[in-house]
Amino acid sequence: MTDLILGQVLYYTDDPFQQGIAAAKHIAQGAVAVEGGRIAAVGEATALRARYPQARLHDHGQKLISAGFVDAHVHYPQTAIIASWGKRLIDWLNTYTFPEEMRFADRAYADDIANRYLDLVLARGTTTVCSYATIHPESVDAIFTAAQSRGMRVFAGKTCMDRNAPDGLRDTPQTAYDDSKRLLQKWHGVDRLSYVITPRFSPTSTPEQLAAMGALWREYPDCLMQTHLSEQTDEIAWVKDLFPQSRDYLDTYEAQGLLREGAVYGHAIHLTAREKARLVEAGASLVHCPTSNTFIGSGLFDMTLAQQLRVGLATDTGGGSNFSMLHTMAAAYEVAQLRGQSLHPSQLWWLATQGSARALRCEDKIGNLAPGMEADLVVIDLASTPAIEQATRRATDLWQQLFPTIMMGDDRAVSEVWLGGKRQTLA
Ligand code: GUN
Ligand code: ZN
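A. Looking closely at the site of ligand 1. Of all residues adjacent to ligand 1, which total 13 residues, the nearest are His75, Gln78, Arg200, Glu231 and Asp316. Within the side chain of glutamate 231, an N or O atom sits 2.7 Å from a nitrogen atom of ligand 1. Computed on the free molecule, ligand 1 has an accessible area of 280 Å², of which 100% lies beneath the protein chains in the complex. With three residues, helix H3 (residues 89-102) is the single largest residue contributor to the shell around ligand 1. Taken together, the residues that form the shell around ligand 1 break down as five nonpolar, five polar and three charged.

B. Highlighting the nonpolar core. The biggest cluster of nonpolar side chains holds 104 residues, and the ones touching the most others in it are Tyr76, Tyr265, Leu279, Leu286 and Trp349. Top element by residues in this core is helix H4 (residues 107-122). It accounts for eight residues. Here tryptophan 349 is in contact with Leu10, Tyr12, Leu64, Ser66, Phe69, Leu326, Met329, Ile380, Leu402 and Ile406, once residues within four sequence places are set aside. Counting 15 residues, the second-largest nonpolar core is a separate cluster that includes Ile5, Val32, Ala67 and Leu377.

C. Representation of the coordination of the zinc ion (ligand 2) within the structure. Each protein donor to the zinc ion (ligand 2) is listed here as His73 (NE2), His75 (NE2), His228 (NE2) and Asp316 (OD); together their distances run 2.0 to 2.7 Å. For the zinc ion (ligand 2), the four donor atoms in the first shell make angles of 86 to 161 degrees at the metal, a pattern classed as irregular. If you list the donors of the zinc ion (ligand 2) from N- to C-terminus, the spacing comes out as H-x1-H-x152-H-x87-D.

D. Molecular detail of the pattern of salt bridges. Going through the model one piece at a time under the given rule, you end up with 27 salt bridges. Ionic pairing is found between arginine 56 and aspartate 3, a salt bridge with its closest N-O pair at 2.8 Å. Highlighted residues: arginine 56 in strand S4 (residues 56-67) and aspartate 3 in strand S1 (residues 2-12), separated in sequence by 53 residues. Between aspartate 302 and lysine 276 there is a salt bridge; the shortest N-O distance is 3.9 Å. Here the residue aspartate 302 occupies a position in the loop between helix H11 (290-295) and strand S13 (310-313), and lysine 276 occupies one in helix H10 (residues 273-282), the gap between them amounting to 26 residues. Each of Asp248, Glu254, Arg274, Arg278 and Glu281 takes part in a single network of salt bridges with overlapping partners.

So, how was this worked out
- Residues numbered from 1 in each chain as written.
- Chains lettered and ligands numbered in written order.
- Predicted model: local features only at pLDDT ≥ 70, side-chain atom pairs only at ≥ 80, totals over all residues.
- Heavy atoms only, no water.
- Near = heavy atom within 4 Å.
- Polar contact = N/O pair within 3.5 Å; in protein donor to acceptor, adjacent residues only side chain to side chain.
- Areas by Shrake-Rupley, 256 points an atom, 1.4 Å probe, with all protein chains shown as cover.
- Helix = DSSP H or I, 4+ residues; strand = E, 2+ residues; numbered from the N terminus.
- Nonpolar A, V, L, I, M, F, W, Y, C, P; charged D, E, K, R; others polar.
- Core = buried A, V, L, I, M, F, W, Y, C linked by side-chain atoms within 4.5 Å.
- Buried < 20%, exposed > 50% of the residue type's maximum accessible area, 1.4 Å probe, protein only.
- Contact = heavy atoms within 4.5 Å.
- Donors = N, O, S within 2.8 Å, 3.2 Å for Na, K, Ca; no water.
- Tetrahedral: all angles 85-135°; square planar, octahedral: opposite > 155°, others 65-115°.
- Salt bridge = Lys/Arg side-chain N within 4 Å of Asp/Glu carboxyl O.

Honestly, that's just the spatial picture; any functional story needs more than this.
What follows is the structure, encoded as structure tokens:
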């Protein structure tokens, strides 16, 4: 059976940071044909209706059909502590995050939050996330089980920490290696799930633990490895104390085999010239977390890096203050404005879809509308509230129509979500 989804269609033939707006393609009366969980065709509605006369039709009028959002850096266990007041990074971790992550020793609690989290993000049009779990192996089972039952493409890994974390939230180099390997063997490549090797960050891992993660990554080179890099200046000063031999923050990872293609570094705000050059040379990915970087007071990411590196966009739930990738695009726009750069709506939308997919090295599967891609789609109402509707009335092109939704939209703008060719019932 073919499903034919009708509406305005937005997809990309290239990277708008390299090729400009022409990289984005808009079909005003378009259609996406979906068969067997994948996209069979993208084109003009009249042509695809003629090509698929038997198809089940889903007519969305003027609404916009796009690839689903890809949130490239989240901590699903921080769902319940999102929007906690008044702290900067290290205090925020100690005050809010670590006590909450302690609760994930209880599998029932982990299941409850994993399901709650995925329902929250699906309702906001996010069809893939790359998540940190907690130190507890059960917390990885919980998120993968919840993703599997929804048919969602999800990346996740056990967060490893062997120092500077409270009792009950520390592993060792050996147990981190053993547990990560067991979880990787259990989940990596099962259905739409990918295991990610996940040392939290250098302040909470000894060099021995980072080395153990590097050894595991050498055994499973096709996995991603995720961690945090140069988020806050106090954190960077602390890393300097903890690793007196290292040239800089990146070197603490590089020295242990944790820098190459497939390395995904969250935040990466306060980078030195050497760090930038090495990241480019190594082909690493960076993830911009704009609501988190303003909420925790970390700083302003340099988006010009997107010209040289794979850069994804992320909420960083719950350091970030919102589950919505629309809100996150708005924050990315504002952060870039503060650095004197006006990101175009085509660039913002690309970052939230194909850009994040590229950062996670799965751009051949998700993050765009093209034949053969997995059918993870969102249908966006471009007039979801009176305030947005009135701001679009004089629009003369898609970008003017879309930008008010980027800046002011929320879950009300998300009309429909498809995962692997199946229309979801939103919670
Ligand atoms: N650095 C290390 N752990 C975390 C975390 O949980 N959130 C954020 N924002 N930064 C971190
Ligand atoms: Zn994070």
